[in-house]
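Structure assessment
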Amino acid sequence: MSILSQLNLEYPIFLAPMAGISTPKLAAEVSNAGGLGSLGLGASDLESCRKQILETQALTDRPFQVNFFCHRSEMVDVEISQQWIEYLQPHFEQFDQLAPESLKCIYPSFLDSDDYLNLVLELRPAAVSFHFGIPHHHQIQALKKAGIITMVTATNLSEAQAIEQAGIDIVIAQGIEAGGHRGIFNSDSDAAITTADLVQLLREYCSLPIVAAGGIMNGQQAEQMQNLGASAVQLGTAFIQCSSSNANTMYREALFDEPVTQISAAISGRPARGIFNDWHKKIDGIHRPEIPAYPYTYDIAKKLNALAAKHDHHGYAAFWAGSNVGQIRQLEAHELIKTLVKEMRA
């Protein structure tokens, strides 16, 4: 069965589930235009997840996906955390404030409990996807029994094979060009494979339907991925500029300012590609101390950015974007879907 049939889609175009940026309105616009809308819920508490899913369901009767994080939760290493806090102290002091005394775990993992699973089973979105790892066996089985399509991100062949063996329905092939967090299971090791090469690898060695993600900004690139073996494509950066996204004004302006992107783990504790700024220039240097585990690092990063933003300084923001962000176009979601489809058929 094709992905279009599996998910009842008109076009093989997915909106990437961008936590903090995706909104019910944006998800619904993509779904209503014939693609697969998405909600990035990895940074949301249960009540916020419920609210977003219900709001999206009120805006569309078409399928959409919800996304959660499946990272391995770790206890904070106090010594590493204190070294990192001290290292960032001068950056806080420039705004006349001290750094926090400790770091907090601000994001739970889907693996930690069945609370998010039970919410998904109750509200029944068409699909649920996972980043940073694979859900527990009993969670996968419960989702499959409920008829909910499951998807997991892979950045290399071994991850994709583990995804297939776990009984997941669809694999998201995330290339090194992708914006935002790398979906790697082990944050200390990244094969850094391009999207095109990864799609071809998975096509040869896996039998699951493949969704290509990373560096795709137009229909020609999308068609190339399909020619290489992808059943669908997933775009995130291209949709951030839409008025229905949650991106702030500075983020939107940065997207169109001929930006350069770079991957760093210094912002959140896991490697992620974003627009080059103070994190890459001043913090993630060769002499920096060890970075605390995810998401503890993200806790202090968000505090520093919030403080700096009050002083109209935006160099500490996490403006996630893919390597081809320079090809971005100012189009609303339905217009972008229409344009992508036209380009794919040209």
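See the structure shown above.
Per chain, the residues get numbers from 1 upward, laid out in the order the sequence is written. Only residues with pLDDT of 70 or above have their local features reported here, since the model is predicted, and side-chain atom pairs are shown and tallied only from 80 upward, although totals for entire chains, interfaces and linings are computed over all residues. Each side-chain value is worked out from all heavy atoms of the structure, with water and hydrogens disregarded.

Our focus in this paragraph is the overall build of the protein. Under the scheme used here, helices are H or I runs from DSSP no shorter than 4 residues and strands are E runs no shorter than 2 residues, and both carry numbers assigned from the N terminus. Broken down by element type, the protein carries 14 helices and eleven strands. For a compact globule of 346 residues, the expected C-alpha radius of gyration is about 20 Å, and the protein comes in at 19 Å, within 12% of that figure. When the backbone C-alpha atoms are referred to their principal axes, the protein occupies close to 55 × 45 × 40 Å. The classification of residues rests on relative accessible area computed with a 1.4 Å probe and restricted to protein chains. Under 20% of the type maximum is buried, over 50% is exposed, and intermediate values are partly exposed. Buried positions account for 58% of the 346 residues belonging to the protein. Entry remark: accessible area of the protein is about 14600 Å², with carbon and sulfur atoms responsible for 48%. For this count, His and the chain ends are skipped, Lys and Arg are scored as positive, and Asp and Glu as negative. By convention, the point assigned to a charge is CZ for Arg, NZ for Lys, CD for Glu and CG for Asp. Within the protein, the 37 negative side-chain charges are centred at a point lying 6 Å from the centre of the 24 positive side-chain charges. In this description the radius of gyration comes from C-alpha coordinates, and the expected globular size is given by 2.2 Å times residues to the power 0.38. For accessible areas, the Shrake-Rupley method is used with a probe of radius 1.4 Å. Any residue's cover is judged against the shown protein chains and nothing else.

Turning to the pattern of salt bridges, a few remarks are in order. A pair is scored as a salt bridge if a Lys or Arg side-chain nitrogen falls within 4 Å of a carboxyl oxygen belonging to Asp or Glu. As enumerated under the stated definition, the model contains eight salt bridges in all. Glu 122 is paired through a salt bridge with Arg 50; the nearest N and O atoms lie 2.9 Å apart. Placement of Glu 122 in helix H5 (residues 115-123) and of Arg 50 in helix H3 (residues 46-59) is noted, with a sequence separation of 72 residues between them. In this structure, Lys 144 engages Asp 169 in a salt bridge whose closest nitrogen and oxygen atoms are separated by 3.3 Å. Of the two residues, Lys 144 is situated in helix H6 (residues 137-145) and Asp 169 in the loop between helix H7 (157-165) and strand E6 (170-174); the sequence distance between them amounts to 25 residues.

Let us now look at the sheet that holds strand E7 (residues 180-181). Any two strands are treated as partners once DSSP identifies two or more bridges connecting them. Here we have three strands laid out as an open sheet, ordered E7-E11-E10, and antiparallel in their pairing. Edge positions in the sheet fall to E7 and strand E10 (261-264), since each has one partner strand and no second. Judged from the four bridges that link them, E10 and strand E11 (residues 272-275) form a sheet pairing that is antiparallel. By the bridge assignment, Thr 261 is partnered in E11 with Ile 275.

Judged by nonpolar contacts, the single largest core of 104 residues is most densely connected at Ile 13, Val 66, Phe 68, Phe 239 and Trp 279. Considering every element that reaches this core, the biggest residue donor is helix H13 (residues 296-310), with seven residues. Contacts are assigned to residue pairs with any non-hydrogen atoms lying within 4.5 Å of each other. Excluding residues within four positions of it along the chain, Phe 68 makes contact with Leu 41, Gly 42, Cys 49, Phe 110, Tyr 116, Val 120, Val 128, Ser 129, Phe 130 and His 131. Only buried Ala, Val, Leu, Ile, Met, Phe, Trp, Tyr and Cys residues count toward a nonpolar core, and they belong to the same one when joined by side-chain atoms within 4.5 Å. One finds Leu 9, Phe 14, Ala 127 and Ala 232 within the second-largest nonpolar core, a separate group that totals 13 residues.

What follows concerns the environment of Tyr 251. Assignment of secondary structure puts Tyr 251 in helix H11 (residues 249-255). By relative accessible area, Tyr 251 is classed as buried at 4%.

Strand order across the open sheet formed by eight strands is E1-E9-E8-E6-E5-E4-E3-E2, with parallel pairing between neighbours. Where the open sheet ends on each side, the last strands, each with one partner, are strand E1 (13-15) and strand E2 (37-40). Sheet twist, expressed as the mean angle between neighbouring strand axes with direction ignored, is 25 degrees. When E6 meets strand E8 (residues 210-213), the two strands line up parallel, connected through four bridges. Paired with Val 171 across the bridge in E8 is Ile 210. Of the strands in this sheet, E1, E2 and strand E3 (64-69) are in contact with helix H2 (residues 24-32), which crosses E2 at around 160 degrees. Axis definition: a line fitted to C-alpha atoms, limited for helices to the stretch in contact. Angles are taken between N-to-C directions and run from 0 to 180 degrees.

A cluster of like negative charges, contributed by Glu 74, Asp 77, Glu 79, Asp 188 and Glu 290, occupies part of the molecular surface. Within the fold, Glu 290 resides in the loop between helix H12 (278-283) and H13. A patch is a set of surface residues, each over 30% in relative accessible area and not in a salt bridge, joined within 9 Å for like charges and within 5 Å for the nonpolar side chains Val, Leu, Ile, Met, Phe, Trp and Tyr.

Each aromatic ring pair is described using two quantities: the centre-to-centre distance and the angle formed by the ring planes. Note on aromatic pairs: the rings of Phe, Tyr and Trp (six-membered ring only in Trp) are paired at centre separations within 6.5 Å, and the planes decide the class, stacked below 30 degrees, edge-to-face beyond 60, tilted for the rest. Scanning the entire structure with this criterion turns up 14 aromatic pairs. Ring centres of Phe 69 and Phe 132 lie 5.1 Å apart, and the angle between their planes is 40 degrees; on these two criteria the pair is classed as tilted. Of this pair, Phe 69 sits in strand E3 while Phe 132 sits in the loop between strand E4 (127-131) and H6, placing them 63 residues apart in sequence. The pair formed by Phe 69 and Phe 132 is uniform in burial state, with each residue classed as buried. Pairing Phe 110 with Phe 130 gives two aromatic rings, centres 4.8 Å apart and planes at 65 degrees, and the pair type is edge-to-face. Here Phe 110 is found in the loop between helix H4 (78-93) and H5, whereas its partner Phe 130 is found in strand E4, with 20 residues between them in sequence. Phe 130 matches Phe 110 in its accessibility class, with the two residues each being buried. Aromatic ring contacts, followed pair by pair, group Phe 69, Tyr 107, Phe 132, Tyr 294, Tyr 298 and Trp 320 into a single cluster. Each ring is checked for a lysine NZ or an arginine CZ that lies within 6 Å of its centre and within 35 degrees of its normal; such an atom marks a charge sitting over the ring. Seen from the ring of Phe 132, Arg 270 lies directly overhead, with NZ or CZ sitting 4.0 Å from the centre.

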